[in-house]
Amino acid sequence: MQFSENWLRTMVDPRMSSDQLTHLLTMSGLEVEEVSPVAPPFSNVVVGEVRSLTRHPNADRLNVCEVDVGSGTLLNIVCGAPNVRAGMKVPCALAGALLPPGEDGKPFEIKVGLLRGVESQGMLCSARELKLSEDHGGLLDLPHDAPVGQNLRDYLQLNDLKFTIKLTPNKADCLSVLGVAREVSALTGVPLKSPTHHPVTVSSDEILPVRISAPDLCGRFSGRIIRGLDARAATPEWMKQRLERSGQRPISALVDISNYVMLELGRPTHVFDLSKIHGGLDVRWGRAGESLKLLNGSTVAVDDWIGVIADDAAIESLAGIMGGDATAVSLDTTDIYLEAAFWYPAAIQGRARRLNFSTDAAHRFERGVDYATTVEHIERITALIVEICGRGASTRVGPVDDQVVNLPQRPLVIMRTARAVKVIGVALTDARIAEIFTRLGLSHTHAEGIFTVSPPSYRFDIEIEEDLIEEVARIYGFENIPALPPVAASQIRLPPENLRSLFAIRHTLADLDYQEVVNYSFVDEAWEADFAANAQPIKLVNPIASQMSVMRSTLIGSLIANARYNLNRKVSRIRVFEVGAIYRRDPAITDGPLAVAGYCQPKRVAALACGSVSDEQWGQATRPVDFFDMKADLQALFGPRTLRFDALVHPALHPGRSATVVLDGQEVGFIGELHPRWQQKYELPSAPVLFEVDAAALQQRIVPAYHEISKFPAVVRDLALVVKQGVAAQDLSDAFLAEQRDNPSCHIMQAIVLFDEYRGKGLEVDEKSLAFRFTLQDTQTTLKDDAVDAAMRAFVATAQEKYGAKLRA
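Conventions used here
- Residues numbered from 1 in each chain as written.
- Predicted model: local features only at pLDDT ≥ 70, side-chain atom pairs only at ≥ 80, totals over all residues.
- Heavy atoms only, no water.
- Helix = DSSP H or I, 4+ residues; strand = E, 2+ residues; numbered from the N terminus.
- Rg over C-alpha atoms; globule rule 2.2 N^0.38 Å.
- Buried < 20%, exposed > 50% of the residue type's maximum accessible area, 1.4 Å probe, protein only.
- Polar contact = N/O pair within 3.5 Å; in protein donor to acceptor, adjacent residues only side chain to side chain.
- Contact = heavy atoms within 4.5 Å.
- Pairing = 2+ DSSP bridges.
- Axes fitted to C-alpha atoms, helices over the stretch in contact; angles between N-to-C directions.
- Left-handed = near helix turned anticlockwise from the far one by under 90°.
- Nonpolar A, V, L, I, M, F, W, Y, C, P; charged D, E, K, R; others polar.
- Arc of directions from axis to C-beta.
- Phe/Tyr/Trp six-rings, centres within 6.5 Å; stacked < 30°, edge-to-face > 60°.
- Lys NZ or Arg CZ within 6 Å of the ring centre and 35° of its normal.
- Salt bridge = Lys/Arg side-chain N within 4 Å of Asp/Glu carboxyl O.

Undergrad: So what exactly am I meant to see when it comes to the overall build of the protein here?
TA: Scanning the protein from N- to C-terminus turns up 21 helices and 42 strands. Compactness check: the protein gives a C-alpha radius of gyration of 43 Å against a globular reference of 28 Å for 809 residues, more than 25% above the reference. Considering only C-alpha atoms, the protein reaches an extent of 135 × 75 × 60 Å along its principal axes. Taking all 809 residues of the protein together, 47% fall into the buried category.

What follows is the structure, given as structure tokens:
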């Protein structure tokens, strides 16, 4: 919304500077995005009148002019403009004048000098030389009534500013100079001077038949016939000036008046050429197959989603958007039909955007335009048309045909003083709130601590209590609300010692050379099917994109997408992790402060690695990351707690290179290599390795406890056992740990590690050799060979008994 400051001050003129007014508007929610002068700085330029001119004696294209500037002495000025003539009034820059800067950025100073031997005592100026426009066809021709000698800046009101306001969608009432003036009046208390006009006398009883067939499209339709107009009449300079400073290009008097009233009152209207209307008008929804050539020259197809104004022959206008070319006024128009209507915002919203253009009318109607003042605004535009384009007694004005079929029902809005005080944080009294409502023009009734407000017809943004509280806060002044720290009872709570934060987990993963990623919880439905075998994911009612239509039940899909994105950009080594929530159905969950009934939302920690195990370097051979590298990172993440890994079949993972992660007998996650099927589908050069575990399990940690450190040396024994191929190393480890727990002679075992696995020569085809390293130590005495041997025999015996193991020769 752009307008002239001078225009605004004709309606409300607070005693404050332009900067103060700008600040006031911005702090009230009408953000002043830009303030620019209507003309660049120049000085000592006045209105001059060319009294006479003669040919320059030494130049064919120059004239020597005698110019009256009101000083009592005629100035001798040499001029080469093609349109200079005697009796013409033009801008005249006197000696010493400073004109707007040129390309060098320096002001141009006018001096007395000789031009081809003739003294020139000033300069006659074009609009381009004064930077008022790009017109350089000749001198700026001023009206004949321009007072000679008056400062040009005062005569053209060039000491003016253009305000550009960035409005939020709810402030449609400020899409006019009157709307902004209402705000300034409410903010400052300065009385509002609304535009006035004298009603035009009705001199004809002619009415154009109009039918409203779509009351859900148009709630009120007002119009009148005016005959005997002069469309070639010139638009007044004051109106052209205000239009130009509001970003509108003057076109013709009838069009300019319509645009002017829209900017002044916020009411888009349309002027039809009455001679081009066939029969009456019908306000209805469009029909499939219909089309219309618009005023902008484009032809659009219409369907039943777009409202139209049609006559007996064809569509003549897009309702609330743009008129049609067939009934447009021209300079030959003498009879018009003037229309002002209330279009329901929901019936206009999105229509212009679908047609790939926007209009000032659609911008206003889709936000809401005053439905109570159509007749008043018809009278205002009629007065201007008759004043500017009228032909005296030959101009005949018909009555206003006002059809009201379906106006909005605006329910009363109740606001509690106590609620306003709590939200705003200022102790406002009922009297102060009543004053604010009065200044805003909000009709209200008041009981003790309760206000009942009837929203004005031009305020579509007042529907609930919070809207009224916002109005109170705006007029009270956001700057007047004290900035106070929140007051709340604070209690220092020590975190449990056996619980580590997610931030600590993030730091640990970063130390392991992973980088954190943050992804949407909304994912592609195909990811859920591929990586979680989830045929019934939790679907979003209103997804932001088709590929983000369901809630994720695993973090794998997001990490795969991150890997693809980076691989496509030539990043060969990727190590990423994410800490985030997943979403699953669970009937056992009930509503709570952080819970939604029927849905489980646990936190998970997942990581992915692909490419080389480390950055390329001379001290280590390059090799791809594998399952065991990721397993080591996961063990380091959970350390010092011990994990158990069992074979797993998972829809996302390689069937022979995946495992479930078990902690203290509870399954807490999974680890493995991506399934070859998904590697091929998602076009990955190699299969990444990944894991996903419960964040809650990862946050648990063992509280350090004192244990006596043995002063005696440890004994290390290696034990190689031959077992069948189907026996897992974990099974043997479990057997050894069970024997340690149950056999007193084995309590001296402190640690056991698998350090070798062998298949091949010397063993049967269905056999393998597993080599374990035992560390044995006693806290009370030095171990003797017989105690060590007894323990080792017990370990061998339990392996033989449970799994048929035998010592490797």
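After that view, the rundown keeps rolling.
Undergrad: Even after reading the chapter, I still don't get the side chain of arginine 573, so can you show me in this structure?
TA: Residue position: arginine 573 is located in the loop between helix H16 (556-567) and strand S31 (574-581). The class for arginine 573 is buried, based on a relative accessible area of 18%. At 2.7 Å, the side chain of arginine 573 and the side chain of aspartate 513 are in polar contact. From its side chain, arginine 573 meets the backbone oxygen of valine 613 in a polar contact 3.2 Å long. Excluding residues within four positions of it along the chain, arginine 573 makes contact with Asp513, Cys610, Gly611, Ser612, Val613, Ser614 and Asp615.

Undergrad: Is there a simple way to explain the pairing of strand S11 (residues 161-166) in this structure?
TA: In regular strands, side chains alternate between the two faces of the sheet. Here strand S1 (residues 2-4) runs beside S11; their pairing, made up of 3 bridges, is antiparallel. Along S11, the bridge assignment pairs serine 4 with lysine 162. Across 6 bridges, the pairing between strand S2 (residues 31-37) and S11 is antiparallel. Directly across from glutamate 31, in S11, lies its bridge partner lysine 166.

Undergrad: Hey, could you run me through the packing of helix H6 (residues 253-265) against helix H10 (residues 374-389) in this one?
TA: Orientation of H6 relative to H10, taken along the N-to-C sense of each, is 145°, at an axis distance of 10 Å. The hand of the H6/H10 crossing is right-handed. Of the residues in H10, those touching H6 at Ala253, Leu254, Ile257, Ser258, Tyr260, Val261, Glu264 and Leu265 are His377, Arg380, Ile381, Leu384, Ile385, Ile388 and Cys389. Here the contact of H6 with H10 is composed, by residue class, of 11 nonpolar, 2 polar and 2 charged.

Undergrad: Help me understand the pairing of strand S6 (residues 89-99) in this model?
TA: Most of S6 sits inside the fold, with 8 of its 11 residues counted as buried. When strand S3 (residues 43-55) meets S6, the two strands line up antiparallel, connected through 6 bridges. Paired with glycine 48 across the two strands is valine 90, which belongs to S6. Of the strand pairs in this sheet, S6 and strand S10 (residues 122-124) are connected by 3 bridges, and their pairing is antiparallel.

Undergrad: Help me understand the sheet that holds strand S26 (residues 450-454), please; the structure alone is not making it clear to me.
TA: By definition, the strands of a sheet pair up through backbone hydrogen bonds, in either a parallel or an antiparallel sense. Spatial ordering of the open sheet is given by S24-S26-S25, a layout of 3 strands whose pairing is antiparallel. Two strands close off the open sheet at either side, each with one partner strand: strand S24 (413-416) and strand S25 (443-447). Neighbour-to-neighbour, the strand axes of this sheet turn through a mean angle of 25°, independent of strand direction. In this sheet, S26 lies alongside S25 in antiparallel orientation, the contact comprising 5 bridges. Counterpart to alanine 447 in the pairing with S26 is isoleucine 450. Taken strand by strand, helix H11 (residues 417-424) contacts S24 and S26, and its axis lies near 65° from that of S24.

Undergrad: Please explain helix H12 (residues 430-440) as it appears in this structure.
TA: Turn by turn, an α-helix covers 3.6 residues, leaving residues three or four places apart pointing in a common direction. Those residues of H12 lying buried are Asp430, Ile433, Ala434, Ile436, Phe437 and Leu440. Along H12, the residues classed as buried sweep out an arc of 160° about the axis, all on the same side. Those residues of H12 that are exposed and angled more than 90 degrees off the buried face are Ala431 and Thr438. Those residues of H12 that are buried lie in contact with helix H4 (177-188), S24, H11, S25, S26 and helix H13 (465-476). Positive backbone phi, approximately 75°, marks glycine 441, located one or two places after H12.

Undergrad: For this particular structure, what's the right way to read the sheet that holds S11?
TA: Sheet architecture is open: 3 strands sit in the order S1-S11-S2, paired in antiparallel fashion. What marks the edges here is a single partner per strand, and that holds for S1 and S2. Within this sheet the neighbouring strands show an average axis-to-axis angle of 25°, counted without direction.

Undergrad: Looking at this structure, how should I read the packing of aromatic side chains?
TA: Any pair of aromatic rings gets described here by the distance separating the centres and the angle formed by the planes. Evaluation of the coordinates by the stated rule reveals 18 aromatic pairs. Where phenylalanine 342 meets tyrosine 344, the ring centres are 5.0 Å apart and the plane angle is 65°; that geometry is what we call edge-to-face. Like phenylalanine 342, the residue tyrosine 344 is buried in the burial classification. Pairing phenylalanine 736 with phenylalanine 795 gives two aromatic rings, centres 5.8 Å apart and planes at 75°, and the pair type is edge-to-face. Here phenylalanine 736, found in helix H20 (residues 729-742), pairs with phenylalanine 795, found in helix H21 (residues 785-803); they are 59 residues apart in sequence, far enough to count as distant. Across this residue pair, the class does not change: phenylalanine 736 and phenylalanine 795 are buried. Taken together, Phe342, Tyr344, Tyr371 and Phe460 form an aromatic cluster joined through their ring pairs. Geometry around tyrosine 458 places arginine 182 over its ring, the cationic atom sitting 3.9 Å from the centre. Above the plane of the ring of tyrosine 565 lies arginine 569, whose end atom (NZ or CZ) is 3.6 Å from the centre.

Undergrad: How should I be thinking about the pattern of salt bridges in this particular structure?
TA: For side chains bearing opposite charge, pairing can occur when the charged atoms are close. According to the stated counting rule, one finds 51 salt bridges in the structure shown. Between aspartate 303 and arginine 354 there is a salt bridge; the shortest N-O distance is 2.9 Å. Of this pair, aspartate 303 sits in the loop between strand S17 (299-302) and strand S18 (307-310) while arginine 354 sits in helix H8 (residues 351-354), placing them 51 residues apart in sequence. Owing to a relative accessible area of 22%, aspartate 303 belongs among the partly exposed residues under this scheme. Linking arginine 641 and aspartate 664 is a salt bridge whose minimum nitrogen-to-oxygen distance equals 2.7 Å. Residue arginine 641 is found in the loop between helix H17 (627-638) and strand S35 (643-647), and its partner aspartate 664 is found in the loop between strand S36 (653-663) and strand S37 (666-674); the two are separated by 23 residues along the sequence. Since its relative accessible area comes to 17%, arginine 641 is described here as buried. Taking the relative accessible area as the measure of exposure, aspartate 664 reaches 60% and is therefore exposed.

Undergrad: Could you clarify how one ought to interpret the environment of glycine 280 in this entry?
TA: Mapped onto the secondary structure, glycine 280 falls in the loop between strand S14 (270-273) and strand S15 (281-285). Between the C-alpha atoms of glycine 280 and serine 394, which are 114 residues apart in sequence, the distance is 24 Å. When sequence neighbours within four positions are dropped, the list of residues in contact with glycine 280 reads Leu208, Pro209, Ala310, Asp311 and Asp312.

Undergrad: It is not clear to me how unusual backbone geometry should be interpreted in this structure. Could you clarify?
TA: Excluding glycine, residues mostly have negative phi values, and the peptide bonds linking residues are mostly trans. Geometrically, the link from glycine 639 to proline 640 is a cis peptide bond, its omega value of 5° lying close to zero. Among the secondary structure elements, proline 640 is positioned in the loop between H17 and S35. Even without glycine at this site, lysine 131 takes up a positive phi of about 60°. Checked against the element boundaries, lysine 131 lands in the loop between S10 and helix H3 (152-155). Of the residues examined, lysine 131 reaches a relative accessible area of 42% and is grouped as partly exposed.

Undergrad: Help me understand helix H5 (residues 237-244) in this model?
TA: Of all the positions in H5, only Met239, Gln241 and Leu243 are classed as buried. Next to the buried residues of H5 lie H6 and H10.

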